[in-house]
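Report on the structure
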Amino acid sequence: MAAGYLDILRARHAARLLTGTLVGRLPNGTAHIAIVLFTRAEGGSYTLAGALAAAYGLATAVGQPLLGRAVDLYGQPRVQFPAAVFSALGMALFAVAGLGSLPLAYAAVVLAGVATPPLEGGLRALWPSVLKREDQVHRAYAMDAVAQEIMFTVGPLLVTLLVSLWSPAAALLVINAIGVLGALSVVLSEPSRAWRSAPREAHWLGALRSPGLLALLGAFFFVGLALGSITVAGVAYADDHGRESVYGWLMAALGLGALIGGLAYGARQWAGAPERRLRVVVGLLALGYLPLTLTPSVPVMAALAALAGVFLAPAIACSFLVVDRHAPRGTVTEAFSWLVTTFGVGAAAGTAVAGPAVELGSTAWSFAVAGAGGVAALVVLLATGKVLAAPVRTPDVVAGSENDRNGAVEPGFSTGRKA
C-alpha cells in the first residue's frame, strides 16, 4: 500500500502539486469551523453562525463552477491565483470588521466564498498529465481523498490552536494567508502553467448536460448536508461539555476515521463499475452517521466520530472516478468544480438547518440532520441507478495528456475520449 503511494509521490511535480493544493485549500476546508468559532466569540448566536457559514458555502457553490469553467477556457494560473487573493481579502475583511455591521459581514464571507479558487478540480485535471498511467491515476484519486482527510484532521486542530494562542480573528487571517501561498505554489509549477483543456462542445450547460453527473451531484448534495450539520452540531456538543477544545478533537477524530478508510480503500485495485461500488460505500457512510445522535461521553463520542468518518474518503475517491466517466469532453475542471459546489450547497444547508435544530431541540437533533443526509444520499443513488449505469465514455489507459501539444487529450483516464 505505502509503496504505491510513494511511487506516485516520486513522480516529477506530484508532491508539490498535492501539497500546494492541500495548503491552498486550507481556507476553504476550515472556513465553516473558523466562521462558527469567530461568530460565537463575537457574541453571535448559533443561528447567526450557521447563517454566515451557509452564506459562505452558497457563495462557494456559485463561484466554483464559474471559476472551473474559466480554468477550462483560460488555463489555471490566470484564474487560480487571483481568485485565491480575492478570497483571502474577503475573509480578512470579515475578521477585521467583525459583526458590527451584519451586511458587511455577509458581504465579506460571500466575497471569500465566491472567489475560492477551484484548486481541487484543477489538481484532478493535472494528475493524468503528471502520472500518465491509468493505474497510477486511479491510486492518485484515492491518495487525493486521503490527503484531504489529513487536511480535515489537521485543519480543525490548527484553527483551534490559533484561536487558543491568539484569537478567532487571527486564525482567519493566518489560515487565509497560508492558503494564498499554497495556490501560488501550484500555479507556478510547470504542469499547471502548461495544462490546457481539451476542445469542448459549445453548450451553455457545460458539464451539466450529463445526466449521470447530475445524479451524482444530487446524491453528494446530501453528503455535504451531513458534513455541514456536523460542523454546527460539534460546536454545540463542545459547549455542552464546557470545553472548546472538544470541538477540535471531535472534528479531528472524524477526519482520522476518513484517513484510515481512505488508506484502506486505496490499498487495492477494485473490480467492477465504480457507480455500483459508490452505492455500497454511501450506504455504509449513512449507517456511520446515525450513532452520533446518542451524544455519549467525550471519549465515546470521539470514537463514534472516527467510525462515522471511515467511509467518507472512499466515497469521495469513488465519486472522482464517476465524475471522470460522466463528464463531457473538455469540461473536466468544471465537472469536478460542480462536485465541490454540491458539497458547498449541501454543507450550507446543513449548517443552516443544524443551528435552529440545536436551539429548538437539542444537540442530538443537529446530529440527526447528519444521519438523515446520509440516508437521503443513498436514496438518490438507488433511484438514479439506470442513469449512472450509462457513463458518457469508458476510460482507456492514459497515454498522453493535455500538456502534450502534439496530441492533447482531456484530463482523465483516456486518450481521445469520445463524447
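Quick caveat: nothing in here was measured; it's all calculated off a predicted structure.

So, about the overall build of the chain. Each helix and strand in the chain was counted, giving 17 helices and zero strands. Counting over 419 residues, the chain shows a buried share of 60%. Long-range pairs, those at least 24 residues apart, make up 82% of the contacts in the chain between residues at least 6 apart in sequence. In the structure as shown, the chain presents an accessible area of about 15200 Å², 69% of it carried by carbon and sulfur atoms.

A few words on helix α11 (residues 245-266). Relative to the 32 Å expected for 22 residues at 1.5 Å per residue, α11 spans 31 Å between its end C-alpha atoms, a close match to the ideal helical length. With respect to burial, α11 is a largely interior element, 16 of its 22 residues being buried.

A few words now on a nonpolar patch on the surface. A surface patch of nonpolar side chains, amounting to about 540 Å² of accessible area, comprises Val 62, Leu 66, Phe 86, Leu 89, Leu 111 and Val 114. For the nonpolar patch, the secondary structure elements donating two or more residues are α3 (46-74), α4 (77-97) and α5 (102-114). Mapping Phe 86 onto the fold places it in helix α4.

Of all hydrophobic cores here, the largest spans 119 residues; its most connected members are Phe 94, Trp 127, Phe 220 and Tyr 289. In this structure Tyr 289 touches Ala 226, Leu 227, Ile 230, Ala 308, Leu 312, Ala 370, Gly 371 and Gly 374, once residues within four positions along its chain are discounted.

Right, let's get into unusual backbone geometry. Even without glycine at this site, His 13 takes up a positive phi of about 80°. Turning to its location among the elements, His 13 is positioned in the loop between α1 (2-10) and α2 (14-41). Overall, His 13 belongs to the partly exposed group, its relative accessible area being 23%.

Another aspect to go through is the packing of aromatic side chains. Taken as a whole, this structure holds three aromatic pairs when the rule is applied. Aromatic pair Phe 221 and Phe 222: ring centres 5.0 Å apart, planes at 85°, arrangement edge-to-face. For Phe 222, a relative accessible area of 25% translates into the label partly exposed. For the cation-ring pair, Arg 40 lies above Tyr 46, with the distance from its terminal atom to the ring centre recorded as 4.1 Å.

With that settled, consider the environment of Leu 119. Secondary-structure assignment places Leu 119 in helix α6 (residues 119-131). Residues Leu 119 and Ala 183, spaced 64 residues apart in sequence, show a C-alpha to C-alpha distance of 7.5 Å. Here Leu 119 is in contact with Thr 21, Gly 24, Arg 25, Gln 80, Ala 183 and Val 186, once residues within four sequence places are set aside.

Turning to the packing of helix α10 (residues 211-240) against helix α12 (residues 274-289), a few remarks are in order. Direction vectors running N to C along α10 and α12 enclose 20°, while the axes themselves pass 12 Å from each other. Taken as axis vectors, α10 and α12 run roughly parallel relative to one another. For α10 against α12, the interelement crossing comes out left-handed. For the pair α10 and α12, contact is made by Leu 216, Phe 220, Val 223, Ala 226, Leu 227 and Ile 230 and by Leu 278, Leu 285 and Tyr 289, respectively. A class-by-class count of the residues in the contact of α10 with α12 yields nine nonpolar, no polar and no charged.

This brings us to the packing of α12 against helix α14 (residues 312-326). Helix-helix packing is described using two parameters, namely the angle between the two axes and the distance between the axes. Here α12 crosses α14 at 150°, and the two axes come no closer than 9 Å. Between α12 and α14, the interaxial angle falls into the category roughly antiparallel. Regarding α12 and α14, the two cross each other, and that crossing is left-handed. Contacts from Pro 274, Glu 275, Arg 277, Leu 278, Val 281, Val 282, Leu 285 and Tyr 289 in α12 reach Leu 312, Pro 314, Ala 315, Cys 318, Ser 319, Leu 321, Val 322, Arg 325 and His 326 in α14. When the residues that make up the contact of α12 with α14 are grouped by side-chain class, the tally is twelve nonpolar, two polar and three charged.

Basis of the calculations
Residues numbered from 1 in each chain as written. Predicted model: local features only at pLDDT ≥ 70, side-chain atom pairs only at ≥ 80, totals over all residues. Heavy atoms only, no water. Helix = DSSP H or I, 4+ residues; strand = E, 2+ residues; numbered from the N terminus. Buried < 20%, exposed > 50% of the residue type's maximum accessible area, 1.4 Å probe, protein only. Contact = heavy atoms within 4.5 Å. Areas by Shrake-Rupley, 256 points an atom, 1.4 Å probe, with all protein chains shown as cover. Expected span 1.5 Å × (residues − 1). Patch = residues over 30% accessible without salt bridge, like charges linked within 9 Å, V, L, I, M, F, W, Y side chains within 5 Å. Salt bridge = Lys/Arg side-chain N within 4 Å of Asp/Glu carboxyl O. Core = buried A, V, L, I, M, F, W, Y, C linked by side-chain atoms within 4.5 Å. Phe/Tyr/Trp six-rings, centres within 6.5 Å; stacked < 30°, edge-to-face > 60°. Lys NZ or Arg CZ within 6 Å of the ring centre and 35° of its normal. Axes fitted to C-alpha atoms, helices over the stretch in contact; angles between N-to-C directions. Parallel < 35°, antiparallel > 145°, perpendicular 65-115°, else oblique. Left-handed = near helix turned anticlockwise from the far one by under 90°. Nonpolar A, V, L, I, M, F, W, Y, C, P; charged D, E, K, R; others polar.

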